[in-house]
Amino acid sequence: MYVAVKGGEAAILATHDLIAEERRGDRSVPEVTTAQISEQMKLATSRVMNEGSLYDPSLAALALKQAQGDSIEAAFLVRAYRTTLPRFGSTLPLDTSEMAIRRRISATYKDLPGGQVLGPTYDYTHRLFDFALMAEGETAPAAPIASDPLEPHMPRVPDILGDEGLMEAEVPPEGDPAPFDLTRDPIQFPADRDTRLQTLSRGDEGFLLGLAYSVQRGFGGNHPFAGEIRMGEVPVRFKPEELGFEIELGDITLTECQMVNQFQGSKDKPPQFTRGYGLVFGHAERKSMSMAILDRSLKNREFGESVDYPAQDEEFVLYHSDNVEAAGFVEHLKLPHYVDFQGELELIRKIRKEFDERQSELKAEKAGEAA
Amino acid sequence: MSAHAIDADYNFGYLDEQTKRMIRRALLKAVAIPGYQVPFGSREMPLARGWGTGGIQITAALIGPDDKLKVIDQGADDTTNAVSIRRFFARVAGVETTEKTNEATLIQTRHRVPEYPLSKGQILVYQVPQPEPLRKIESSEVETRKMHAWSEYGAMHVRLYEDIARYGRVATSYSYPVLVNDRYVMSPTPIPKFDNPKMDHMPALQLFGAGREKRIYAVPPFTKVKSIDFDDYPFEVQKWDEPCALCGAQESYLDEVITNDRGGRIFVCSDSSYCEDRREAGHVGTQIDWAKDQAYLDPNADEAK
Amino acid sequence: MSVAPLIPGFSDPILGSQDIFRSILDAMAHPGSIEAVDDAICGVPHDIPLAAAACLLTLVDYDTPVWLAPEFMSIRSWLAFHTGAPDAASIDQTRFALMSAQSSSPAVTDFPKGDDRYPDLSATLIVVCTSLHGGRPIRLTGPGIESETIISPQGLHESFWTDVCENNSQFPLGSDIILVAGHELIALPRSITCEEIG
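Source: prediction; values computed, not measured.

Undergrad: What is the right way to read the overall build of chain C from this model?
TA: Each helix and strand in chain C was counted, giving four helices and nine strands. From first element to last, N terminus to C terminus, chain C shows the α and β order α-β-α-β-α-β-β-β-β-α-β-β-β. Its C-alpha radius of gyration of 16 Å places chain C within 12% of the 16 Å reference for a compact globule of 198 residues. C-alpha atoms of chain C, sized along the principal axes, occupy 55 × 35 × 30 Å. In chain C, which comprises 198 residues, the proportion classed as buried is 51%. Excluding contacts between residues fewer than 6 apart, the proportion of contacts in chain C whose partners are at least 24 apart in sequence is 69%.

Written as C-alpha cells, this is what we have:
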C-alpha cells in the first residue's frame with residue numbers, strides 16, 4: 001500500500017530534528033568547536049569565505065560546523081547572512097604591495113628582490129598519512145624563526161616586467177568608476193572585466209580548476225607562467241565622509257596570483273606579455289591560480305581572439321561558476337515535479353498508441369499485399 | 001489560519017527596504033511591458049536557488065499586514081516546499097495564511113494555476129526556473145535578448161513544428177510557450193499546458209519571479225495570452241478518461257497516484273483545495289471510501305469542517 | 001537664523017511604502033483606475049500633491065536620479081533627506097521625473113525610453129494635474145483594461161495626449177506615466193492606447 005505525500009508540515013519539523021541529530025553524531029565524542037575549525041581548518045574556512053563572498057573566519061567556521069563540513073551548504077549560509085548585512089560604504093582599494101608576506105613565490109625568475117619565500121605549503125610534503133595525527137595531544141614543534149627578517153620591499157613581478165615595458169598595462173576604465181557589484185545588480189552581457197573578476201573570485205573552486213585545466217591541456221590558446229603568488233595580511237582602509245580622512249579597520253589575509261601569459265603584438269603594436277589576475281580571501285592558492293588563468297582566457301574580446309573553447313565563453317564560464325546557484329538548481333530536481341511528469345506520461349502514452357496503431361496498419365497492409 | 005507573531009530579528013518581509021524598492025521598480029516596468037523579462041538584482045535568500053527565491057522576493061516586496069497568503073506547489077497547499085515557504089512568510093511578515101483560493105489576496109505558486117477562477121484584485125505570483133522561453137533553442141543570453149528585441153521568433157515556430165514532423169503532434173506538455181499582448185514570447189513557467197488557457201484575459205494580475213536567473217516579468221489583468229500553435233495543428237490541452245476519484249471533477253488537472261505494485265492507479269485532482277471544496281459541497285468520487293480506508297484522506301476530515 | 005522644520009516623510013516607512021506601492025501597482029495593472037492615498041500617510045512638501053509625495057517616497061532612492069521641474073525645485077532638500085535620491089544630471093539620466101501637466105517642455109517623449117534590448121531602462125514620469133476629474137474625456141484600451149476605461153484629468157497642456165500617444169506608439173519603448181492630483185493617482189503604462197473622445 002502506498003500513501004501519497006501528506007502531512008508536509010509535520011514532516012518538515014521532524015526533518016529539522018533529524019538533521020540536528022546527524023550533525024551532532026555520537027554524543028560520547030566531544031563536540032567540535034568553531035574555534036577548532038577556524039584555527040585548524042583554515043583552508044576550508046578560506047574556501048567558504050570566498051564562495052560565501054564574506055570575509056569572516058569565525059562565521060565561516062560556524063557555517064562549516066552547522067553544515068557538517070559541506071562547503072557549498074556552508075557558503076550558502078554565509079551568503080544568506082551577507083544579504084541581511086547593512087552596507088555603510090566601500091573601503092579604499094586594497095594595496096597588495098603592502099602585504100605582510102607569509103608566502104611569496106615566482107616561477108618566472110630564479111631569484112628576485114625579496115626572494116622566494118616558501119612559507120606554509122603542502123607543495124613539497126610527501127602525501128603520506130601522518131597517523132600520529134589520529135591520536136590527540138599533538139606536540140608538533142614550533143617552526144624555527146629565521147635569523148633575519150623578510151625584505152621589506154617585495155615588488156610585484158608584473159611591475160618588474162612593466163618597468164621594462166614588456167607587460168600589458170593595467171589601465172582603469174575612463175573616469176575610474178566604482179566597480180560593478182553583481183550582488184546588487186544583474187549581470188549583463190558582454191560583461192566587463194570587473195564583473196568577470198568578481199564572478200570568478202566567488203566562483204566554485206572545482207569548476208574554475210577544471211576550466212583552468214582545460215585551458216592548459218589544449219582547450220585554450222595561452223600558456224601561463226606563474227609570475228607571482230603571494231599570501232599574507234593586507235590592511236583594510238575606509239574613509240568615512242564625516243571624518244574626511246582614512247582610518248584602518250584591520251587587516252585580512254589574501255592570496256594573490258599574477259599569471260604572465262604569452263605575448264601579443266602585431267606589426268604596429270609592440271609585443272607585450274599579457275596578464276591574468278587572481279585574488280581571493282584567506283589562503284587559497286589553487287583558486288587564485290585558476291582564477292588568473294580564466295581571467296586571461298576571458299580577455300579574448302579585448303585581444304580580438306576568437307572564442308573556440310568553453311573557458312573562453314563568457315556566458316558559459318560566468319553563468320555556471322556560482323556553486324550556490326548551481327547546487328540550488330541541480331538539487332531542486334528533488335522537489336515534486338509530478339504534475340509536469342503527468343503531462344509527459346499522458347503525451348507519451350498518446351504518441352505510443354498512435355505509433356502502435358500505425359505499425360499494425362502497416363503490418364495489415366503488408367499481409368494484405370502478400371495474400 | 002490566524003496571523004502569526006513576526007520574527008523581530010528581521011525586517012518586515014525579510015528583505016531590506018532598498019531591496020524591496022528595487023524589486024518594486026522592476027515590477028512596475030514589467031507590468032508596463034507585458035511578457036518582457038526585466039533584469040533585477042536578485043538577492044540571496046535563506047531558501048535555495050531553484051526552490052522559489054524569485055517568487056519569494058516578489059511576494060516579500062508586495063506583502064502587507066492586510067494580505068491573506070496562499071502558497072501551493074504542484075497545486076497542493078501541503079507539499080513540503082509550499083509548507084516551507086508559507087512558514088517563512090508567517091515568520092517574517094506575520095501575515096494570515098489560507099488554503100482557500102477565493103479568500104487569498106496573494107497566491108504564490110509553483111507550476112500550477114489554481115482551478116478556481118481568480119478574480120480582479122488578486123495577485124498570482126509564479127515561481128520561475130527558466131524565464132527564457134528560447135533558451136533551449138539558443139543558449140546565449142546576448143542572442144536571445146536580440147531575438148526578443150526584434151521579434152525574431154521563427155526558430156521557436158520551427159522547433160515546435162519539428163515535433164509535428166516527428167510525432168504528428170507538438171510534443172510539449174508543460175512550459176508551453178505563449179505570445180503575450182501580441183508582442184513578447186514568454187515562458188508560462190512549467191505549468192502543464194492544460195493551464196495555459198487560464199492565463200488568457202485572467203482578471204487577476206500575474207507576476208513571475210526567477211531568482212537564480214534574475215528576471216521578473218508580468219501579465220496584467222485582461223491581457224491576451226496565446227499559446228503558440230499552427231492553423232493546421234491548433235493548441236489542445238490534456239484530457240483524462242476518468243474523473244477525479246475523490247470528488248468526481250471532470251474539468252480539473254488530475255495527478256496519477258500509484259496504489260499498488262501491480263499497476264493499480266487512481267487519478268485525483270492536483271489542486272487539493274479545489275478537490276476539498278468540492279467534497280465539502282457534497283461531490284464524491286468513486287474511490288472516496290477506499291481513500292479514507294487507506295488513510296490517504298483523513299477519515300474525519302470532511303465531518304470536521 | 002531659524003531653521004525651517006523639516007517636513008516629515010512616511011509616518012511608518014515600512015508599512016507606508018508597502019501600502020502606496022500596492023496602490024501604484026494596482027493603478028499600473030488597471031490603467032485608468034483611480035487610486036486614493038490616505039491623508040495621514042506621509043508629510044507633504046509645499047507645491048506638490050500628497051499623491052506625488054507618496055509616490056516619490058515609495059519609489060526613489062540613491063540608485064534613481066530624479067529630475068524635478070523648475071516649479072518643484074523647492075522639494076529638493078525634502079526629497080534628498082528622506083530618499084537620498086540624486087539629482088538627474090540631465091534629462092537623459094532621469095529615472096523618475098516630477099513635472100507639471102501644464103508645461104509642454106520637456107515633453108513626455110524627451111525622457112529616456114529604454115532601448116530595444118532593455119525597454120525597461122526608461123523613465124517613470126509623475127505628472128501633476130489640477131484634478132483627475134472633470135477634464136476632457138479620454139478612452140483607454142489595452143492590457144489591464146477589460147474593455148475600455150474613460151478618464152478625464154484636468155490641467156493638461158494642449159498637446160499632452162498627442163505626446164502620450166507618440167510615446168505609446170513606440171511600444172515596447174517609452175516612458176510610463178503616473179498622473180497625480182490631490183490624494184489621487186492614475187497610471188498610464190506605455191502599453192495602452194489613448195483616444196481623445198469627441
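Undergrad: Looking at this structure, I do not really get the packing of helix α1 (residues 17-32) of chain B against helix α2 (residues 53-62) of chain B. What am I missing?
TA: All names here are of chain B. Between α1 and α2, whose axes approach to 9 Å, the crossing angle comes to 100 degrees. As judged from the angle between their axes, α1 and α2 are roughly perpendicular. Across the interface between the two elements, Lys20, Ile23, Arg24 and Leu27 from α1 touch Gln57, Ile58 and Ala61 from α2. In terms of residue class, the contact of α1 with α2 is built from four nonpolar, one polar and two charged.

Undergrad: Quick question: what am I supposed to make of the interface of chain B and chain A here?
TA: Note on interface size: it is often stated as the accessible area lost on association of the parts. Taken together, the contacts link 48 residues of chain B with 41 residues of chain A. Listed by contribution, the elements that provide at least two residues to the side of chain B that touches chain A are α3 (80-93), α4 (141-149) and β11 (254-258) of chain B.

Undergrad: In this structure, what is going on with the interface of chain B and chain C? I would like to understand it.
TA: Taken together, the contact pairs 29 residues of chain B with 29 residues of chain C. With ten residues, α1 of chain B is the largest single contributor of residues to the side of chain B that touches chain C. Among the residues forming the side of chain B that touches chain C, the class breakdown is 17 nonpolar, four polar and eight charged.

Undergrad: Can you help me understand unusual backbone geometry in this one?
TA: In terms of backbone geometry, most residues other than glycine have negative phi values and most peptide bonds are trans. The residue after serine 105 of chain C, namely proline 106 of chain C, is reached through a cis peptide bond having omega 0 degrees. Position of proline 106 of chain C among the secondary structure elements: in the loop between β3 (96-100) and β4 (124-128). The omega torsion of the bond from phenylalanine 171 of chain C to proline 172 of chain C falls at 10 degrees, within 30 degrees of zero and hence cis. Note on placement: proline 172 of chain C falls in the loop between α4 (160-169) and β7 (176-181). Residue serine 53 of chain A is not a glycine yet carries a positive backbone phi of 65 degrees. Within the secondary structure, serine 53 of chain A sits in the loop between α3 (42-52) and α4 (57-66). Looking at serine 53 of chain A, the number of C-beta atoms within 10 Å reads 19, which means it is partly exposed.

Undergrad: What should I look at first to understand α4 of chain A in this one?
TA: Structurally, the α-helix is built with 3.6 residues per turn, so residues lying three or four positions apart point the same way. Residue and element names in this part refer to chain A. Burial of α4 is extensive: seven of the ten residues sit out of reach of the surface. Three or more residues of α4 are buried, namely Pro57, Leu59, Ala60, Ala61, Leu62, Ala63 and Leu64. Tucked inside the fold, the buried residues of α4 contact α2 (34-40), α3 and α5 (71-84). Within two residues after α4, glutamine 68 carries a phi angle of roughly 55 degrees, on the positive side.

Undergrad: Where do I start with the sheet that holds strand β5 (residues 138-141) of chain C in this structure?
TA: Pairing between sheet strands relies on hydrogen bonds along the backbone, with the strands arranged either parallel or antiparallel. Residues and elements named next belong to chain C. Read from one edge to the other, the open sheet built from three strands follows the order β6-β5-β9, with strand pairing classed as antiparallel. Strands at the two margins of the open sheet, each flanked by one partner only, are β6 (149-151) and β9 (193-196). Recorded for the sheet is a direction-independent mean angle of 30 degrees between the axes of neighbouring strands. As paired strands, β5 and β6 are joined by three bridges and run antiparallel to one another. In the strand pairing of β6, isoleucine 138 is matched with isoleucine 151. Against the sheet, α4 contacts β5 and β9, and its axis sits at roughly 155 degrees relative to β9.

Undergrad: Is there a simple way to explain helix α3 (residues 76-83) of chain C in this structure?
TA: Residue and element names in this part refer to chain C. When we look at burial in α3, the residues that qualify are Trp78, Leu79, His82 and Thr83. Buried residues of α3, seen end-on, are gathered within an arc of 95 degrees and therefore sit on one face of the element. Turning to α3, the residues buried within the fold contact α2 (50-59) and β2 (66-68). At the exit of α3 stands glycine 84, carrying a positive phi of roughly 70 degrees.

Undergrad: Got a minute to help me understand the pairing of β3 of chain C in this structure?
TA: Along any regular strand, the residues point their side chains to alternate faces of the sheet. All names here are of chain C. Within β3, four of the five residues are buried, which leaves it mostly tucked inside the rest of the structure. Here β2 runs beside β3; their pairing, made up of three bridges, is parallel. The residue bridging leucine 68 from the neighbouring strand is leucine 98, located in β3. Between the parallel elements β2 and β3, the chain passes through α3 in a crossover that is left-handed.

Undergrad: I would appreciate a short explanation of the sheet that holds strand β10 (residues 225-227) of chain B in the present structure.
TA: All names here are of chain B. Strands sit in the order β7-β6-β10 across an open sheet of three strands; the sheet is antiparallel. Two strands bound the open sheet, and with one partner strand each, they are β7 (184-186) and β10. Recorded for the sheet is a direction-independent mean angle of 35 degrees between the axes of neighbouring strands. Where strand β6 (residues 178-180) lies against β10, three bridges are found, and the strand directions are antiparallel.

Undergrad: Help me out: how do you make sense of the arrangement of the chains in this one?
TA: Looking across the two pairs of chains in contact, one finds the most contacts between chains A and B. A minimum C-alpha distance of 10 Å separates chain A and chain C, which share no contact.

Undergrad: Got a minute to help me understand the packing of α1 of chain B against helix α1 (residues 13-29) of chain C in this structure?
TA: The relative placement of two packed helices comes down to the angle between their axes together with the axis-to-axis distance. Packing of α1 of chain B against α1 of chain C leaves a shortest axis separation of 10 Å and a crossing angle of 5 degrees. Looking at the two axes, α1 of chain B sits roughly parallel to α1 of chain C. Contact with α1 of chain B, carried on its side by Glu17, Arg24, Leu27, Leu28, Val31 and Ala32 of chain B, involves Pro13, Ile14, Ser17, Phe21, Ile24, Leu25, Met28 and Ala29 of chain C of α1 of chain C and no other residues of that element. For the contact of α1 of chain B with α1 of chain C, a count of residues per class yields eleven nonpolar, one polar and two charged.

Undergrad: Looking at this structure, I do not really get the nonpolar core. What am I missing?
TA: Across soluble globular proteins, nonpolar side chains show a tendency to be buried alongside one another. The biggest cluster of nonpolar side chains holds 128 residues, and the ones touching the most others in it are Leu27 of chain B together with Cys55, Ile126 and Val180 of chain C. When residues of this core are assigned to their parent elements, the largest contribution, nine residues, is made by α2 of chain C. Among residues more than four places away in sequence, those in contact with valine 180 of chain C are Pro49, Ala51, Ala52, Cys55, Ile126, Val128, Cys129 and Leu185 of chain C. Within the second largest apolar cluster, 47 residues are counted, among which are Val48, Met167, Leu211 and Phe273 of chain A.

Undergrad: How do you make sense of the environment of phenylalanine 88 of chain A when you look at a structure like this?
TA: With respect to the helices, strands and loops of the structure, phenylalanine 88 of chain A is situated in the loop between α5 and β1 (100-105). Remark: the alpha-carbon pair of phenylalanine 88 of chain A and lysine 287 of chain A, spanning 199 residues in sequence, is separated by 29 Å.

The rules behind each value
Position numbers for residues start from 1 in each chain and track the written sequence from start to end. Written order decides the labels, with chains lettered from A and ligands numbered from 1. Given that this is a predicted model, residues contribute local features only at a pLDDT of at least 70 and side-chain atom pairs are listed and counted only at 80 or more, while totals for whole chains, interfaces and linings are drawn from all residues. Each helix corresponds to a stretch of at least 4 residues labelled H or I by DSSP, and each strand to a stretch of at least 2 residues labelled E; elements are numbered beginning at the N terminus. With the radius of gyration taken over C-alpha atoms, the globule rule is written as 2.2 Å times the number of residues to the power 0.38. Working definition of burial: number of other C-beta atoms within 10 Å of the residue's own, with buried at 20 or more, exposed at 12 or fewer, and partly exposed in between, all C-beta atoms being placed from the backbone. Once C-beta atoms have been placed from the backbone, residue pairs whose C-beta atoms lie within 7 Å are recorded as contacts. All axes are obtained by fitting lines to C-alpha atoms, using only the stretch in contact for helices, and the reported angles, taken between N-to-C directions, cover 0 to 180 degrees. Here the word oblique covers every angle except those under 35 degrees (roughly parallel), over 145 (roughly antiparallel) and from 65 to 115 (roughly perpendicular). Each residue is assigned to one class: nonpolar for Ala, Val, Leu, Ile, Met, Phe, Trp, Tyr, Cys and Pro, charged for Asp, Glu, Lys and Arg, and polar for all the others, Gly among them. A pair of strands is considered paired only if DSSP assigns at least 2 bridges between the two. The arc refers to the directions leading from the helix axis to the C-beta atoms. Orient the strands so they point away from the viewer, and a crossover whose first-strand-to-second-strand path over the helix runs clockwise is right-handed. For this analysis, nonpolar core means a set of buried Ala, Val, Leu, Ile, Met, Phe, Trp, Tyr and Cys residues linked through C-beta atoms within 7 Å.

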